[in-house]
Every structure is written in structure tokens, then in C-alpha cells.
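Fold and contact review
Residue strings, one per chain:
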Amino acid sequence: MIKCKYFKFSNFILEFVGSFLLVFFAAGAVMANAFYNGSIGQLMGGLSSGIILFTLIYTLGNFSRGHVNPAVSYMEYRVGVIQFNTFIFYSFFQILGSICAGYFLKMIFGNIANIGSNLPLLKVEYNYLISFLVEFILSLILAVVIIIISYIQKGSLITLSLCCGLVVCVEVIVFGAITGAAMNPVRAVGPHFAANFPGGLWIYIFGPILAYVLAIEFYKFLLLKKKI
């Protein structure tokens, strides 16, 4: 087996820290908004999520590749950028960082706003199902952006960082307050743990994972078909 150049303890720590910061600022914006009685608003919540993601991808990209998302790590594994053992370790440290951030936020703000958890809040009969579909679509959009820029266009790190940050910013502004808009299991797991599972966590785990898996498998299918 060829050794994966990203299988380093330093990269595991970077993914832990990156995931911690992603949750700390994205969920923290939700909690701060509640703390200040809604004066920050959904716009600032979206900007917080988008800016921190842009910063993390750009600063970590040349080291661990700045995944901060197990579904992205899976895509990178499927296209051969990292190996399976790196994918497993990355995912573990990403989730661990998320959980630590959730409890750290709880220690700072107290038990408010469900620790910034992503929640399905549509006032319709099939709230959870529709929220799942929305989460799937939002995640699929982000996954396609990553695939196009990283693997098809082979764009620069700054381009990838900026586009991912902008996509997340817009999606959180529009859908964050009504369907959750996590697009990343890491964003949801830690706050839900710290808030004693307020409900709907499966939406933000399976929705993004399904979207990323389908996107990368479809890309690999088209790539294989093109070679034949």
C-alpha cells in the first residue's frame, strides 16, 4: 500500500481545530443572536458561516486540504487524493472537534438557542421530510461546486475557498432559520450533543452524506464513461 502523504498527526490536529472553529463561529453566531435578542440577525449568521469556511479552506488547504467535513473527506478518498485510513482519522477528529466546540459554547453562553443547533422549523405537516430534502439539495449544490472547481477546472485554492464560502453564506442566510442549512455533519453533531439532542440530527447527517456520495459517484461514473 502506498503511504498517504496526508496521513499525519499534524493534519489530524488541523482538522480537529478547523472543525472546532467552524462550529464555534457558525453555531456561536446563532447563540449570540439569541443572547442579544435577535439584534445580530440571520444575515450575520450567514456571513459568519461563510467567512469562517472561506478562512479555514484557504489556511488549511495546503496542509490537510481543509476538509472540516467527513463528506468532503469521503469525496477526496473516492477520487484518490487521500486513502481510506486518512478518511477515517479525518472524520474522527472532525467530529471530535465539533463536539468539543458544542460543549465549549455551552460553557460560554449557557444553554440557550439549543447551542446553535441546526433545526427543522418549517410550519408544515411534513417538516422533517421537507427539511431533509432541502438539506440534501443545499449539500448537493455545495458538493457540485467543490467537484467542478477542484477536479474539473482544477482551480486555485483561493477560488475554491471563496466559492465555498459564498455558497454557504447564501444558503445559511436563506434557509438557516427554517430548515437548518448545515451542509456538513460536523456543523450539526457538536451542538446537538451539547443541547441533549433537540431533534432532527439525522437530517443533517444523512442529508449531506447522501448528497456528497451521489455527487462524487456520478462524477466518477462520467469520468469512467469518458475514458471508455
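Basis of the calculations
Residues numbered from 1 in each chain as written. Predicted model: local features only at pLDDT ≥ 70, side-chain atom pairs only at ≥ 80, totals over all residues. Heavy atoms only, no water. Helix = DSSP H or I, 4+ residues; strand = E, 2+ residues; numbered from the N terminus. Buried < 20%, exposed > 50% of the residue type's maximum accessible area, 1.4 Å probe, protein only. Core = buried A, V, L, I, M, F, W, Y, C linked by side-chain atoms within 4.5 Å. Contact = heavy atoms within 4.5 Å. Salt bridge = Lys/Arg side-chain N within 4 Å of Asp/Glu carboxyl O. Patch = residues over 30% accessible without salt bridge, like charges linked within 9 Å, V, L, I, M, F, W, Y side chains within 5 Å. Areas by Shrake-Rupley, 256 points an atom, 1.4 Å probe, with all protein chains shown as cover. Phe/Tyr/Trp six-rings, centres within 6.5 Å; stacked < 30°, edge-to-face > 60°. Polar contact = N/O pair within 3.5 Å; in protein donor to acceptor, adjacent residues only side chain to side chain.

**Some words on the overall build of the protein chain**
For the protein chain, the count of helices and strands is eight helices and zero strands. In the protein chain, the order of α-helices and β-strands from amino to carboxyl end is α-α-α-α-α-α-α-α. Each principal axis of the C-alpha distribution contributes one length, and for the protein chain these read about 55 × 40 × 30 Å. For the protein chain, the proportion of its 228 residues judged to be buried stands at 49%.

**Brief notes about the nonpolar core**
Grouped together as the largest cluster of nonpolar side chains are 40 residues, with contacts concentrated most on Met-75, Leu-142, Ile-146, Ile-147, Cys-164, Met-183 and Tyr-212. Residue assignment for this core shows that the elements contributing at least two residues are helix 1 (9-35), helix 2 (41-60), helix 3 (70-78), helix 4 (84-109), helix 5 (127-152), helix 6 (157-175), helix 7 (185-194) and helix 8 (201-227). Residue contributions to this core peak at nine residues, all from helix 5. Aside from chain neighbours lying at most four places away, what touches Leu-142 is Cys-164, Val-167, Val-168, Met-183 and Tyr-212.

**As for the pattern of salt bridges**
With the rule as written, the count across this model stands at two salt bridges. In this structure, Arg-65 engages Glu-76 in a salt bridge whose closest nitrogen and oxygen atoms are separated by 2.3 Å. Taken together, the positions of Arg-65 in the loop between helix 2 and helix 3 and Glu-76 in helix 3 put the pair 11 residues apart, joining distant regions of the chain. Taking the relative accessible area as the measure of exposure, Arg-65 reaches 28% and is therefore partly exposed. For Glu-76, a relative accessible area of 4% corresponds to the buried category. Here Arg-78 and Glu-217 are joined by a salt bridge, their closest N and O atoms 2.6 Å apart. One end of the pair, Arg-78, is in helix 3; the other, Glu-217, is in helix 8, and 139 residues separate them in sequence. A residue is classified by how much of its surface remains accessible, and Arg-78, at 26% relative accessible area, is partly exposed. Overall, Glu-217 belongs to the partly exposed group, its relative accessible area being 26%.

**With respect to a nonpolar patch on the surface**
Taken together, the side chains of Val-124, Tyr-126, Leu-129, Ile-130 and Leu-133 present a nonpolar region at the surface, about 450 Å² in accessible area. Counting through the fold element by element, Leu-133 comes out in helix 5. What makes Leu-133 partly exposed here is its relative accessible area of 43%.

**So, the packing of aromatic side chains**
Ring pairs (aromatic) are described by centroid distance and by the angle formed between their planes. By the definition in use, this model includes 23 aromatic pairs. Taken together, the ring pairs in this structure connect Phe-7, Phe-9, Phe-12, Phe-89, Tyr-90, Phe-92 and Phe-93 into an aromatic cluster.

**Thoughts on unusual backbone geometry**
With phi around 55°, Ile-115 is a residue other than glycine that occupies positive phi space. Note that Ile-115 resides in the loop between helix 4 and helix 5. With a phi close to 50°, Lys-154 is a non-glycine residue in the positive phi region. Structurally, Lys-154 is set in the loop between helix 5 and helix 6. Lys-154 gets classed as exposed once you look at its relative accessible area, which sits at 63%.

**Describing the environment of Asn-111**
Locating Asn-111 in the fold gives a position in the loop between helix 4 and helix 5. Assessed through its relative accessible area of 55%, Asn-111 is described here as exposed. Sequence spacing of Asn-111 and Val-124 is 13 residues, and the spatial spacing of their C-alpha atoms is 27 Å.

**As for helix 3**
A turn of α-helix holds 3.6 residues, and therefore any two residues three or four places apart point the same way. Inspection of helix 3 places Pro-70, Ala-71, Val-72, Ser-73, Met-75 and Glu-76 among the buried residues, and these make up the whole buried set. At the N-terminal end of helix 3, a side-chain oxygen is found 2.9 Å from the backbone nitrogen of Ala-71, two or three residues along, and the residue is Asn-69. One or two positions beyond helix 3, positive phi appears at Gly-80, with a value near 85°.

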